[in-house]
Amino acid sequence: QVQLVESGGGLVQTGGSLRLSCAASGRTSSIYAIAWFRQGPGKERKFVSGIRWNDFDTYYADSVRGRFIISKDTAKNTVYLQMNSLKPEDTAVYYCGQQPARDVNFGSWGQGTQVTVSS
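On a predicted model such as this, the values are computed, not experimentally measured, just so you know.

How each quantity is defined
Residues numbered from 1 in each chain as written. Predicted model: local features only at pLDDT ≥ 70, side-chain atom pairs only at ≥ 80, totals over all residues. Heavy atoms only, no water. Helix = DSSP H or I, 4+ residues; strand = E, 2+ residues; numbered from the N terminus. Polar contact = N/O pair within 3.5 Å; in protein donor to acceptor, adjacent residues only side chain to side chain. Contact = heavy atoms within 4.5 Å. Phe/Tyr/Trp six-rings, centres within 6.5 Å; stacked < 30°, edge-to-face > 60°. Buried < 20%, exposed > 50% of the residue type's maximum accessible area, 1.4 Å probe, protein only. Lys NZ or Arg CZ within 6 Å of the ring centre and 35° of its normal. Salt bridge = Lys/Arg side-chain N within 4 Å of Asp/Glu carboxyl O. Pairing = 2+ DSSP bridges. Axes fitted to C-alpha atoms, helices over the stretch in contact; angles between N-to-C directions.

J.: Could you clarify how one ought to interpret the side chain of Thr113 in this entry?
T.: You can see Thr113 is positioned in strand β10 (residues 113–118). From its side chain, Thr113 meets the backbone nitrogen of Gly9 in a polar contact 3.0 Å long. Aside from chain neighbours lying at most four places away, what touches Thr113 is Glu6, Ser7, Gly8, Gly9, Leu20, Ala92, Val93 and Tyr94.

Right, here's the structure in full:
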């Protein structure tokens, strides 16, 4: 099994930056991809950005492309989400999940980390 722990959330003003971390442990060799999702108050959890574990290919939602950057530190088994030019609509709980294979649902969700962007 894979365990994921998110960290790095907080309160920031509009236009500010935050870096989220998703530390993976356990059977990390079984990971196909890790992705960040977010869930705002009263909203569904939505995809934000993902990275394939072995070849580092990256994916972004249109709403964050050009502002957020996803990366991976192989030695630390950690995926980062650098969030720049933050907007109030980025306010949400951010979760990371892992995908064991292509076309398989993401799972092994962490506890989430709150990001609040004040206007």
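J.: I would appreciate a short explanation of the packing of aromatic side chains in the present structure.
T.: What characterises a pair of aromatic rings is the spacing of the ring centres plus the angle enclosed by the ring planes. This model, assessed by the stated rule, comprises 3 aromatic pairs. With a centroid separation of 5.7 Å and an interplanar angle of 80°, the aromatic rings of Phe37 and Phe47 are classed as edge-to-face. Taken together, the residues Phe37 in strand β4 (residues 33–39) and Phe47 in strand β5 (residues 46–52) connect sequence positions 10 residues apart. With centroids separated by 5.1 Å and ring planes inclined at 85°, the aromatic side chains of Phe37 and Trp109 adopt a geometry described as edge-to-face. One end of the pair, Phe37, is in strand β4; the other, Trp109, is in the loop between β9 (92–99) and β10, and 72 residues separate them in sequence. Given the relative accessible area of 34%, Trp109 is considered partly exposed. In this structure, Arg45 is placed above the aromatic ring of Trp109, and the distance from its NZ or CZ to the ring centre is 4.7 Å. A cation sits over an aromatic face here: Lys72 above Trp53, 4.1 Å from the ring centre.

J.: Explain the pattern of salt bridges here, please?
T.: If charged atoms from side chains of opposite charge come close, those side chains can pair. Applying the stated criterion across every chain yields a total of 5 salt bridges. The shortest N-O distance in the salt bridge between Arg67 and Asp90 comes to 2.8 Å. Linking Arg67 in the loop between β6 (58–60) and β7 (68–73) with Asp90 in the loop between β8 (78–83) and β9, this pair joins segments that are 23 residues apart in sequence. Residues Arg67 and Asp90 agree in their burial class; the two are buried. Look at the salt bridges and you will find they share partners, linking Arg38, Arg67 and Asp90 into a network.

J.: Please explain the environment of Thr28 as it appears in this structure.
T.: Tracing the backbone through its elements, the reader meets Thr28 in the loop between β3 (18–26) and β4. Ignoring anything within four residues of it in the chain, the contact list for Thr28 reads Val2, Trp53 and Asn77.

J.: Just checking my understanding: could you explain the sheet that holds β8 for this structure?
T.: Pairing between the strands of a sheet comes from backbone hydrogen bonds, and it takes one of two forms, parallel or antiparallel. Strand order across the open sheet formed by 4 strands is β1-β3-β8-β7, with antiparallel pairing between neighbours. The strands lining the two open edges of the sheet, one partner per strand, are β1 (2–7) and β7. Neighbour to neighbour, the strand axes of the sheet diverge by 15° on average, direction disregarded.

J.: Quick question: what am I supposed to make of unusual backbone geometry here?
T.: Of all residues except glycine, most have a negative phi; of all peptide bonds, most are trans. Positive phi, close to 65°, is recorded for Phe56, a residue that is not glycine. Take Phe56: it is sitting in the loop between β5 and β6.

Geometry only, nothing functional implied.
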